[in-house]
Amino acid sequence: KKYLEECLERKRLYNEVIELKGNIRVFCRCRPLNQDEIANGSTSIVDFDSSQENELQIICSDSSKKQFKFDHVFRPESDQEAVFAQTSPIVTSVLDGYNVCIFAYGQTGTGKTFTMEGTPEHRGVNYRTLEELFRISKQRSNIMNYELFVSMLEVYNEKIRDLLVENSNQPAKKLEIKQAAEGTQEVPGLVEARVYGTNEVWELLKSGSRIRSVGSTNANELSSRSHCLLRVTVKGENLVNGEKTRSHLWLVDLAGSERVGRIEVEGERLKESQFINKSLSALGDVISALASKTAHIPYRHISLPLSLHPPFSMNSKLTHMLQSSLGGDCKTLMFVQISPSAADLGETLCSLNFASRVRGIECGPVRKQA
Ligand code: ADP
């Protein structure tokens, strides 16, 4: 009974929130200045309004300020606990049968991997999510039986690679997306590991990250140009009425959003950048269409006047794969990650504009203070 009441309460809160904000949230996170930036005497170009938890201002090169508003803004001093405290209600709704997608978007070096993966001392959203899912499933074990499965994959140049193959020397399996009978998207052959506890999960995530970097001369470089997706599948059975649910939670560390052309690129690198730009724009198109409740959602065939970039047509593996976890009553959260450094001003404004537009939030200049 307590569980049902809890579910109803969550639904009520959720519906109230939906009226206000829709089921898309954008959180902004600003990393601290790093050692090099401090050594160079850099100061932060990000101003936080001490009274508002959801606003920030960017100090432009001509000293004018641009203001941005999100659902939440995490400052450089916000730790992983604070970030997860805001994220936890969204991720744990997967236990109630909702599909959920969380993305980390931003320029390379702004903390996407730090937020999602974290470090052994400062574990990120991925690990904390599984820890929380195990904790709640245990708490509900007299009424619900949950089974948790984890898959990990990478999308690089529109190719899907399984990161949980047991042995990284195995030849890469070619994975494709298939439309299942019930209209959902499946990736046949993708490893789904049943998980029972947090220690095992940490090892699994570590081994996935290791496999991700195998075969590349520069692991950091490669990871910044591919999307890394962790999928948690939750199978639930209500022990009272026998009702079964199956839902997905996607935790996505996106490829770096920096624009091509910033540095002269050619050949393989140019192709990579074009794939990245296309898949990120496709994602932006899908989310902004969802936020504005456009009837047609461009999951596969992207050609929207509303496009943030010049309109174009394409198939994107990223949005196609996530199709059944975006839209409807699915929940979406995007972390827009930014750097506080003046050297990154251009990219920071691009990321903040992108995030504001996908969320349908107005942003504007702030009048200079006298
Ligand atoms: P990205 O994945 O966007 O390329 P990383 O997550 O690799 O960026 O972050 C770049 C560096 O900055 C890493 O050394 C990371 O540990 C550090 N970093 C990022 N965000 C934070 C933060 N909020 N607090 C402390 N260090 C951070």
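Preceding this paragraph is the structure being described.
The structure contained in this document is the topic of the report that follows. Everything quoted here is computed from the prediction, not taken from an experiment.

Rules used in this analysis
One numbering rule holds for all chains: residues counted from 1, following each sequence as written. Side-chain atom pairs in this predicted model are given and counted only at pLDDT of 80 or more, local residue features only at pLDDT of at least 70, and totals for whole chains, interfaces and linings cover all residues. Computation of side-chain values covers all heavy atoms of the structure but excludes hydrogens and water. We call a residue near a molecule or strand when any one of its heavy atoms sits within 4 Å of it. Here a polar contact is recorded for every N or O atom pair within 3.5 Å, except that within protein the pair must consist of a potential hydrogen donor and a potential acceptor, and residues adjacent in sequence are included only if both atoms are side-chain atoms. Residue burial considers only the protein chains on display, and all accessible areas are found by Shrake-Rupley using a 1.4 Å probe. Helix and strand definitions here come from DSSP, where helices need a minimum of 4 consecutive H or I residues and strands a minimum of 2 consecutive E residues; each element is numbered from the N-terminal end. Under the scheme applied here, ten amino acids are nonpolar (Ala, Val, Leu, Ile, Met, Phe, Trp, Tyr, Cys and Pro), four are charged (Asp, Glu, Lys and Arg), and all others, including Gly, are polar. Whether a set of points on the 1 Å grid over the protein atoms alone is a cavity depends on a 1.4 Å probe fitting there but being unable to get out, while an open set qualifies as a pocket with protein on both sides within 12 Å along at least five of seven lines; lining residues are those with an atom within 4 Å of a point. Grid points are joined across faces, edges and corners, and a volume is the space filled by probe spheres set on the points. Every axis corresponds to a line fitted to the C-alpha atoms, with the helix fit spanning only the stretch in contact, and the corresponding angles, defined between N-to-C directions, vary from 0 to 180 degrees. It only takes one pair of heavy atoms within 4.5 Å for two residues to be counted as in contact. A pair of cysteine sulfur atoms is labelled a disulfide when the two atoms are within 2.5 Å. Three exposure classes are used, based on accessible area relative to the maximum for each residue type with a 1.4 Å probe and protein chains only: buried under 20%, partly exposed in between, and exposed over 50%. When the centres of two rings from Phe, Tyr and Trp lie within 6.5 Å, Trp using its six-membered ring, the rings pair. Their planes under 30 degrees apart give stacked, over 60 give edge-to-face, and anything left gives tilted. In the sections that follow, a salt bridge refers to a side-chain nitrogen of Lys or Arg positioned within 4 Å of a carboxyl oxygen of Asp or Glu.

1. Some details on the site of the ligand
Okay, step 1: With respect to spatial proximity, the complete set of residues near the ligand consists of Arg29, Arg31, Pro32, Gln107, Thr108, Gly109, Thr110, Gly111, Lys112, Thr113 and Phe114.
Okay, step 2: Within the backbone of Gly111, a nitrogen or oxygen atom sits 3.0 Å from an oxygen atom of the ligand.
Okay, step 3: Between the ligand and Thr113, the relevant distance is 2.7 Å, taken from an oxygen atom to a side-chain nitrogen or oxygen of the residue.
Okay, step 4: A total of 560 Å² of accessible area belongs to the ligand in isolation, and the protein chains cover 65% of it.
Okay, step 5: Considering each element in turn, the shell around the ligand owes the most residues, 3 residues, to helix α4 (residues 112–116).
Okay, step 6: Here the shell around the ligand is composed, by residue class, of 2 nonpolar, 6 polar and 3 charged.

2. Looking at empty space enclosed by the protein
If a probe the size of a water molecule is rolled over the atoms, the empty space left behind becomes visible.
Okay, step 1: This model, assessed by the stated rule, comprises 2 cavities of 30 Å³ or more.
Okay, step 2: Roughly 100 Å³ of volume is contained in the largest cavity.
Okay, step 3: Along the wall of the largest cavity there are 13 residues; nearest its centre are Glu117, Asn126, Met152, Cys228 and Leu230.
Okay, step 4: Elements that contribute at least two residues to the lining of the largest cavity include exactly α4, α6 (198–213), β12 (227–238) and β13 (244–253).
Okay, step 5: When the residues that make up the lining of the largest cavity are grouped by side-chain class, the tally is 8 nonpolar, 3 polar and 2 charged.
Okay, step 6: By volume, the second largest cavity amounts to about 60 Å³.
Okay, step 7: Every residue lining the second largest cavity is listed: Val155, Tyr156, Asn157, Glu158, Arg225, Ser226, His227, Glu272, Phe275, Ile276 and Ser279.
Okay, step 8: Of all the elements in the fold, those that place two or more residues in the lining of the second largest cavity are β7 (144–156) and α8 (267–291).
Okay, step 9: The element that contributes the greatest number of residues to the lining of the second largest cavity is α8, accounting for 4 residues.

3. A closer look at the packing of α8 against helix α10 (residues 345–359)
Packed helices, taken two at a time, are described by the angle their axes make and the gap between the axes.
Okay, step 1: The N-to-C vectors of α8 and α10 enclose an angle of 35 degrees; their axes lie 7 Å apart at closest approach. On α10, the residues touching Leu280, Gly284, Ile287, Ser288 and Ala291 of α8 are Phe354, Arg357, Val358 and Arg359.
Okay, step 2: For the contact of α8 with α10, a count of residues per class yields 5 nonpolar, 2 polar and 2 charged.

4. Thoughts on the state of the cysteines
Okay, step 1: Considering all chains together, one arrives at 0 disulfides under this definition.
Okay, step 2: Cys101 carries a free sulfur, and the closest cysteine sulfur to it, the one in Cys330, is 7.2 Å from it.
Okay, step 3: Looking at Cys330, the relative accessible area reads 6%, which means it is buried.

5. A few points about unusual backbone geometry
Okay, step 1: The phi angle at Ser63 is positive, at roughly 70 degrees, despite the residue not being glycine.
Okay, step 2: Relative to the helices and strands, Ser63 is located in the loop between β3 (55–59) and β4 (65–69).
Okay, step 3: At Asn157, a position not held by glycine, the phi torsion is positive, near 50 degrees.
Okay, step 4: When you line up the elements, Asn157 lands in the loop between β7 and β8 (159–162).
Okay, step 5: Overall, Asn157 belongs to the buried group, its relative accessible area being 8%.

6. Some thoughts on the packing of aromatic side chains
Okay, step 1: Enumeration according to the criterion identifies 5 aromatic pairs in this entry.
Okay, step 2: A centroid spacing of 4.1 Å and a plane angle of 0 degrees characterise the contact between Tyr105 and Phe354, whose relative ring orientation is stacked. One end of the pair, Tyr105, is in strand β6 (residues 100–106); the other, Phe354, is in helix α10, with 249 residues separating them in the sequence. As far as burial versus exposure is concerned, Tyr105 and Phe354 are alike and both buried.
Okay, step 3: A network of ring pairs unites the aromatic residues Phe27, Phe74 and Phe335 as a single cluster.

7. Regarding the pattern of salt bridges
Okay, step 1: Taken as a whole, this structure holds 12 salt bridges when the rule is applied.
Okay, step 2: Arg140 is the salt-bridge partner of Asp96, the closest N and O atoms lying 3.4 Å from each other. Placement of the pair is Asp96 in the loop between α3 (80–92) and β6 and Arg140 in the loop between α5 (125–139) and β7, with a sequence separation of 44 residues.
Okay, step 3: Measuring nitrogen to oxygen at the nearest pair gives 2.9 Å for the salt bridge that ties Arg161 to Glu154.
Okay, step 4: The exposure class assigned to Arg161 is partly exposed, which follows from its relative accessible area of 23%.
Okay, step 5: Here the salt bridges share partners, and the residues they tie into one network are Arg31, Glu37 and Asp344.

Note that all results are geometric; they support no functional claim without further evidence.
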